[in-house]
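# Examining the three-dimensional arrangement
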Amino acid sequence: MSKRRLSQKTVEDIGRRRIDRLMDLSEEAVRQDRGDRARRYVELARRIGMKTRIGIPAERRYCKKCLIPMMPGVNCRVRLSNHMVVVTCCECGETRRKPYVREQKR
Ligand SMILES: [Zn+2]
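Residues numbered from 1 in each chain as written. Predicted model: local features only at pLDDT ≥ 70, side-chain atom pairs only at ≥ 80, totals over all residues.

## Some words on the overall build of the chain
- Assigned secondary structure in the chain consists of three helices and three strands.
- Listing the helices and strands of the chain from first to last along the sequence gives α-α-β-β-β-α.
- Dimensions of the chain along its principal axes, counting C-alpha atoms only, are 55 × 35 × 20 Å.
- Across the 106 residues in the chain, those meeting the buried criterion constitute 22%. (Helix = DSSP H or I, 4+ residues; strand = E, 2+ residues; numbered from the N terminus. Buried ≥ 20, exposed ≤ 12 C-beta atoms within 10 Å, placed from the backbone.)

## Things to note about the pairing of strand 3 (residues 95–99)
- Within strand 3, only zero of the five residues are buried, which leaves it mostly out in the open.
- Pairing between strand 2 (residues 84–89) and strand 3: five bridges, direction antiparallel. When the sheet's bridge partners are listed, valine 86 is paired in strand 3 with arginine 97. (Pairing = 2+ DSSP bridges.)

## What about the environment of proline 57?
- By secondary structure assignment, the location of proline 57 is in the loop between helix 2 (35–52) and strand 1 (76–81).
- Under the C-beta neighbour-count criterion, proline 57 is labelled partly exposed, with 13 such atoms within 10 Å.
- The sequence separation of proline 57 and isoleucine 19 amounts to 38 residues, and the corresponding C-alpha distance is 8.8 Å.

## Description of helix 1 (residues 8–31)
- Taking 1.5 Å per residue as the helical rise, helix 1 with its 24 residues ought to reach 34 Å, and the 34 Å between its terminal C-alpha atoms agrees with that figure.
- Looking at the packing, one finds that the buried side of helix 1 touches helix 2. (Expected span 1.5 Å × (residues − 1). Contact = placed C-beta atoms within 7 Å.)

## So, the nonpolar core
- In this structure, Val42, Ala45 and Ile68 are the most contacted members of the largest nonpolar core, which totals 18 residues.
- For this core, the secondary structure elements donating two or more residues are helix 1 and helix 2.
- What valine 42 contacts, discounting residues up to four positions off in sequence, is Ser26, Tyr62, Leu67, Ile68 and Pro69. (Core = buried A, V, L, I, M, F, W, Y, C linked by C-beta atoms within 7 Å.)

## Focus: the confidence of the model for the chain
- For the chain, the average pLDDT comes to 92, and 92% of its residues sit at 70 or higher.
- Looking at the elements of the chain, mean pLDDT is at its lowest for helix 3 (residues 101–105), recorded as 63, and at its highest for helix 2, recorded as 97. (pLDDT = per-residue confidence, 0-100.)

## Observations regarding unusual backbone geometry
- The phi dihedral of aspartate 33 is positive, around 65 degrees, even though this residue is not glycine.
- Note on placement: aspartate 33 falls in the loop between helix 1 and helix 2.
- A count of 11 C-beta atoms within 10 Å places aspartate 33 in the exposed class.
- Positioned with a positive phi, leucine 67 is a non-glycine residue whose angle comes to about 60 degrees.
- Among the structural elements, leucine 67 can be located in the loop between helix 2 and strand 1.

## A closer look at the pairing of strand 2
- Two strands pair when backbone bridges link them, and strand 1 and strand 2 are joined in this way by six bridges, in the antiparallel orientation. Residue pairing across strands places valine 78 opposite valine 87, the latter belonging to strand 2.
- Here strand 1 folds back onto strand 2, and the loop between the two strands holds two residues, one of which, asparagine 82, carries a positive phi near 50 degrees.
- Taking the residues that link successive antiparallel strands as the turn, the strand 2-strand 3 hairpin has five residues, and the phi of glycine 93 there is positive, at about 85 degrees.

Encoded structure:
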């Protein structure tokens, strides 16, 4: 059977839905203290994101180092300092800084 060619839009739609579902499952796994499972789901979501070239939506935050979804108040810490949002992963201690210029302009 030959590979059926789907339009880029269809691929993106399916990809987005799958990523959404996987990230939901991943966050659920974190809540149940199943970090191993959570990481696996993020890994799968990333792979789909790469393949379909849509990536993981920005609002779905995950640790770039240990690949666990970052959920404020659950497994990461969010602090503001020097006009930066500092997110610390409680699993591996990795920190990420992000300027919040956009929010300030509002
Ligand atoms: Zn981490």
